Amino acid sequence: MDNRKLFVSSHAPYWHNGSSIAIKSYNIMLAALPAVILGIYQYGMPALGVVTFSISCAMIWELIMNFIMRRPVSIGDGNAAVIGLMLAMLLPAATPWWVVLIGTFLAIVVGKQIFGGIGCNPLNPALVAIAMIFLSWKGILDFNEALLNYELGFPMTYPLATLKYLGVEAVSEYGAGALLMGCHTGGIGSTFGLGLILGGVYLILRGLIRWEIAISFLAGVFITALLFNMANPDAYAGPVFHLLTGYTLIGAFFLATEDSSSPVNFVPMLLYGALAGLLTVLIRNIGAMVDGVVFAILMLNLANPLLDKIRPRAIGKEMENA
Amino acid sequence: MIKKPFFGFGKPRLDYAGIEGLEQGEVKDIPLPGQAVLFVEAPHPTVSDVLFQVGDEIKTGQNLKVSPFSKATFTSTVTGTITDISKKTGYLGKTFLSVSIDVSETDQWDDAFSLAVQTSEPEKAGPYLNGLPGISDMDALIHPETPLKTIVVNGMDKDLLVTTQQMVIKSQADDLKEGIDYLKKITGNPKVILVVPPYLSTEAAKSGAQVQTITPAYPNSLPEMIMKNVLNQIVPAGTDCSSLGVGFINAEGVAALKSAITERKPPVTKMVTVIGKNEKAQMIRVCMGTPIKAVLSTLDIPLEQGDRLVVGGPMTGRSIYTEDMPVLQDTDAIMVQGKDQLALNADDPCVNCGECIRACPVNIPVNMLVRLLENSHYEEAAKDYDLLSCIECGLCSYVCEAKIPVFHYIMLGKYELSLMEKAEESVNG
């Protein structure tokens, strides 16, 4: 054996811009913190319990699946924790522990791991769980029912439910300022509009989420709601109300932008966001459900592979003669 | 290493090193080593076929034909005795013959070269010009498959941190004029365009050629990008610029042509940018054939086990296994990375973050392509996901959040496809 020095060899490039999946995950959690902290401040220990239990359960399910599927341990990339946090942000503070346990199972195992883990999930895992909880147990996601025992100094009725069942008149008491500052009921981390916007803008500026999706989703909600409102202001609430209530803001910045289930090309990103926004308002205004964000985004997740086929022609590729 | 800025969305912007950024403005001369190694690319060389042998005396500037079965020749850059001839395999399975020479103290020049360049007959001069610094394939310019309409003299370096070609423009601008005249003469008088970064346009104007400037942002100096941005021509996927009648030559090659014809001797030294562990670049002038080991020890750049040694720049260079590898005619840069500076790959799958889509200069759906390449679906990758449009800039790997070696997969895919094509050709006769 000669004692020649051994060098590390690999293919070019020898530089990397320093980004990583873990950095992205931890920054998403950081961006979500303001909204989560306000939720915990408002609802106290039960909210803290849901958030921490959800994150830990999600990570444990991920670990269990790593062992069962004999894959490298992947909780270090933070993706499972992000999914757990997202799920907790959508749930009401009074969610029973077993719903969180089952919900994280649905998100991590059914929503993500059985498809092959990170990057392979066709749908947003947190939304898969929320949709299945919504369809399985009556009342868990009915915020009026779930948060019955709380009195926080603002109307303890879910604005979108009020809109649906009592009409536009009844929601006139919700001012945009109050909605922005989280003075309305909803999921633990989905009511503090200003916090979600700040977090979203932070993620966009850092290039950690795709701005095209977030902006087009909000534009889709705004324009559709505006058209409804203009057509009949007595029956349909204004666009600002739709932007600031329900899951709209968390959907725009944290849910629709989930990497694996959303498109990456420019035009598809705009279409995906705008159509999800449109569908959200359609479900809210003329559909059967109170909030439309969950099913609107899941629906567009399904359309994602098809949408992403719209892409610019690679330079140099010759036109195929039909 | 240029990292992603704290705030920043959209394409990464990587600027080429400006020539003014050099710490030592002086070009340092590296002394002639006791042992030189010359490489000649030769398809399937067998050592027994070679027309010279160990113990042969060889003169500086002597042009040697490798074997009776191949056109490959090489020009010696030193005088001495051949001590070893061996086969080497390089990038993408290219085969080389490596010839080690014990350098003698007195330099003797072979006169065949001066006779060849006097004639101005391209047929005769061609083989001699092939070994000049900065010229890797003169034959492709003298005997192009498609008649040459334009020659682009690239005064911009191929990779980041490298300043070799820029240095030539800055210090040898006057030489370029005669070099370009000679180049036109032996290639049938095509149009010549000199491409430089904006801050070198005054120097470049001295050459008398048509000067075009390009924004010094990566990957604008790659041939396909110059074709698109300067000549407004798109290179069809799977072909190269020569199929459109455009030839490329480095500024250093043109300057070397000038000194070859005025001095009647082939220039044996070449300019190289050496990038040390702190990413500080310095320019050296070194005899081709000098082992990299000798270069690094002259410059006091330590190289230890676990470091990375790269021939070329950070985006497109090739990492090598041994410091005995010599400086070749196309070695524009030598880069050393300390073991604590290495950017390593990971085994995560693609998470579909879309950064590669933003970065790709030719709109390849990299996120889909890499899924096919990981599973060896090369033909489908070429047909549906534009594998052959790739201009090999490496930006996709640079931005990959999952740290997938995307560029490696792409080159592997292209290589496997070329093997498949060869196999098909041999079956079909």
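Residues numbered from 1 in each chain as written. Chains lettered and ligands numbered in written order. Predicted model: local features only at pLDDT ≥ 70, side-chain atom pairs only at ≥ 80, totals over all residues. Heavy atoms only, no water.

**Details of the overall build of chain B**
Then comes step 1: The helix and strand inventory of chain B stands at 14 helices and 16 strands.
Then comes step 2: Scaling as 2.2 N^0.38, a compact globule of 429 residues should have a C-alpha radius of gyration of about 22 Å, and chain B matches this with 22 Å.
Then comes step 3: Here the C-alpha coordinates of chain B stretch approximately 60 × 50 × 50 Å along the principal axes.
Then comes step 4: Expressed as a percentage of the 429 residues in chain B, the buried residues total 55%.
Then comes step 5: As displayed, chain B has an accessible area near 18300 Å², and 50% of this comes from carbon and sulfur atoms. (Helix = DSSP H or I, 4+ residues; strand = E, 2+ residues; numbered from the N terminus. Rg over C-alpha atoms; globule rule 2.2 N^0.38 Å. Buried < 20%, exposed > 50% of the residue type's maximum accessible area, 1.4 Å probe, protein only. Areas by Shrake-Rupley, 256 points an atom, 1.4 Å probe, with all protein chains shown as cover.)

**Examining the overall build of chain A**
Then comes step 1: Along its length, chain A carries 14 helices and 0 strands.
Then comes step 2: Listing every helix and strand of chain A by position from the N terminus yields α-α-α-α-α-α-α-α-α-α-α-α-α-α.
Then comes step 3: Taken against the 2.2 N^0.38 rule, which gives 20 Å for 322 residues, the C-alpha radius of gyration of chain A at 21 Å falls within 12% of a compact globule.
Then comes step 4: By principal-axis analysis of the C-alpha atoms, chain A measures approximately 85 × 55 × 30 Å.

**As for the environment of Ser319(B)**
Then comes step 1: Mapped onto the secondary structure, Ser319(B) falls in strand β15 (residues 318-319).
Then comes step 2: Of the residues examined, Ser319(B) reaches a relative accessible area of 10% and is grouped as buried.
Then comes step 3: Those residues in contact with Ser319(B), other than ones at most four positions away along the chain, are Val8(A), Ser9(A), Ser10(A), Tyr14(A), Arg308(B), Leu309(B) and Val310(B).
Then comes step 4: Polar contacts involving the side chain of Ser319(B) include one to the side chain of Ser9(A), which spans 2.8 Å. (Contact = heavy atoms within 4.5 Å. Polar contact = N/O pair within 3.5 Å; in protein donor to acceptor, adjacent residues only side chain to side chain.)

**Quick word on the pattern of salt bridges**
Then comes step 1: Scanning the entire structure with this criterion turns up 18 salt bridges over all chains.
Then comes step 2: Between Glu323(B) and Lys5(A) there is a salt bridge; the shortest N-O distance is 3.4 Å. Of this pair, Glu323(B) sits in the loop between β15 and β16 (333-337) while Lys5(A) is found in the segment before α1 (21-43), placing the two residues in two different chains.
Then comes step 3: Exposure remark for Lys5(A): the relative accessible area of 32% places this residue in the partly exposed category.
Then comes step 4: Residue Asp259(A) pairs with Lys24(A) through a salt bridge whose shortest N-O separation is 2.6 Å. (Salt bridge = Lys/Arg side-chain N within 4 Å of Asp/Glu carboxyl O.)

**What about helix α12 (residues 248-255) of chain A?**
Then comes step 1: With 8 of its 8 residues buried, α12(A) lies for the most part within the structure.
Then comes step 2: Here α12(A) has its buried residues at Thr248(A), Leu249(A), Ile250(A), Gly251(A), Ala252(A), Phe253(A), Phe254(A) and Leu255(A).

**A look at helix α4 (residues 164-171) of chain B**
Then comes step 1: For α4(B), a buried count of 6 out of 8 residues is recorded, marking the element as mostly surrounded by other parts of the structure.
Then comes step 2: Inspection of α4(B) places Thr164(B), Gln165(B), Gln166(B), Met167(B), Val168(B) and Ile169(B) among the buried residues, and these make up the whole buried set.

**What to know about the confidence of the model for chain B**
Then comes step 1: Of the residues in chain B, 96% have a pLDDT of 70 or more, and the chain-wide mean is 89.
Then comes step 2: Complex prediction metrics read pTM 0.93 and ipTM 0.92. (pLDDT = per-residue confidence, 0-100.)

**Remarks on the interface of chain B and chain A**
Interface size, as often reported, equals the accessible area lost upon joining of the parts.
Then comes step 1: If you look at the interface, chain B gives 74 residues, while chain A gives 45 residues.
Then comes step 2: For the pairing of chain B and chain A, the buried interface totals around 5300 Å² over both sides, and the portion due to carbon and sulfur atoms is 55%.
Then comes step 3: When residues of chain B are sorted by the area they lose upon contact with chain A, Lys4(B), Phe9(B) and Glu401(B) head the list and together hold 11% of the total.
Then comes step 4: Inspection of the region where chain B meets chain A yields 5 salt bridges.
Then comes step 5: Our enumeration of links across chain B and chain A arrives at 33 residue pairs in polar contact (both at pLDDT 80 or more).
Then comes step 6: Across the side of chain B that touches chain A, the residue classes tally to 39 nonpolar, 17 polar and 18 charged. (Buried area = accessible area lost by both parts, 1.4 Å probe. Nonpolar A, V, L, I, M, F, W, Y, C, P; charged D, E, K, R; others polar.)

**Things to note about the sheet that holds strand β8 (residues 150-154) of chain B**
Residues and elements named next belong to chain B.
Then comes step 1: Spatially, the 4 strands line up as an open sheet ordered β10-β9-β8-β11, and their pairing is parallel. Edge strands, defined here as strands with exactly one partner in the open sheet, are β10 (210-213) and β11 (246-250). Across the sheet, the mean angle from the axis of one strand to that of its neighbour is 30°, orientation sign disregarded.
Then comes step 2: Pairing geometry for β8 and strand β9 (residues 191-196), over 5 bridges, is parallel. Looking across to β9, one finds that Asn154 is bridged to Val195.
Then comes step 3: Its contacts with the sheet put helix α8 (residues 251-263) on β8 and β11, and the angle it makes with β11 is roughly 75°. (Pairing = 2+ DSSP bridges. Axes fitted to C-alpha atoms, helices over the stretch in contact; angles between N-to-C directions.)

**Examining a negative patch on the surface**
Residue and element names in this part refer to chain B.
Then comes step 1: Together, Glu379, Glu421, Glu424 and Glu425 give the surface a local cluster of negative charge.
Then comes step 2: Of the residues forming the negative patch, the biggest block, 3 residues, is contributed by helix α14 (residues 406-428).
Then comes step 3: Turning to its location among the elements, Glu424 is positioned in helix α14. (Patch = residues over 30% accessible without salt bridge, like charges linked within 9 Å, V, L, I, M, F, W, Y side chains within 5 Å. Lys, Arg positive; Asp, Glu negative; His and termini not counted. Charge placed at Lys NZ, Arg CZ, Asp CG, Glu CD.)

**Overview of the packing of helix α2 (residues 45-68) of chain A against helix α3 (residues 79-90) of chain A**
Residues and elements named next belong to chain A.
Then comes step 1: Put simply, α2 and α3 touch, their axes get as near as 8 Å, and they point 145° apart. As α2 runs across α3, the sense of the crossing is right-handed. Between α2 and α3, the contacting residues are Val50, Val51, Ser54, Ile55, Ala58, Met59 and Glu62 on the first element and Ala80, Ala81, Gly84, Leu85, Leu87 and Ala88 on the second. (Left-handed = near helix turned anticlockwise from the far one by under 90°.)

**Section: the pairing of β9(B)**
Looking along a regular strand, one sees the side chains alternate between the two faces of the sheet.
All names here are of chain B.
Then comes step 1: Counting buried positions over the 6 residues of β9 gives 5, a clear majority of the element.
Then comes step 2: Two elements, β9 and β10, share 4 bridges in a ladder whose sense is parallel. The partner of Val196 across the bridge, within β10, is Thr213.

**Some points on the packing of helix α5 (residues 173-187) of chain B against α8(B)**
All names here are of chain B.
Then comes step 1: In the contact formed by α5 and α8, the axes pass within 7 Å of each other and the chain directions differ by 85°. Classified by the angle between their axes, α5 and α8 sit roughly perpendicular to one another. Contacts from Asp175, Leu176, Glu178, Gly179, Ile180, Tyr182 and Leu183 in α5 reach Ala251, Val254, Ala255, Leu257, Lys258, Ile261 and Thr262 in α8.
Then comes step 2: The residue makeup of the contact of α5 with α8, split by class, is 9 nonpolar, 2 polar and 3 charged. (Parallel < 35°, antiparallel > 145°, perpendicular 65-115°, else oblique.)

**Side note on a nonpolar patch on the surface**
Then comes step 1: On the surface, Phe266(A), Val267(A), Leu270(A), Leu271(A), Leu275(A), Leu278(A) and Ile310(A) cluster together into a nonpolar patch covering about 530 Å² of accessible area.
Then comes step 2: For Leu270(A), the position within the fold is in helix α13 (residues 266-286).

**Points about the sheet that holds strand β1 (residues 28-29) of chain B**
Residue and element names in this part refer to chain B.
Then comes step 1: One open sheet holds the 6 strands; their spatial order is β1-β13-β12-β16-β14-β15, and the pairing between them is mixed. In this open sheet, the two strands that pair with only one neighbour each are β1 and β15.
Then comes step 2: Bridge count between strand β12 (residues 269-275) and strand β13 (residues 281-287): 7 bridges; the pairing is antiparallel. When the bridges of β13 are listed, Lys270 appears paired with Val286.
Then comes step 3: In the packing of α4 onto the sheet, contacts are made with β12 and β13, and the angle to β12 comes to roughly 125°.

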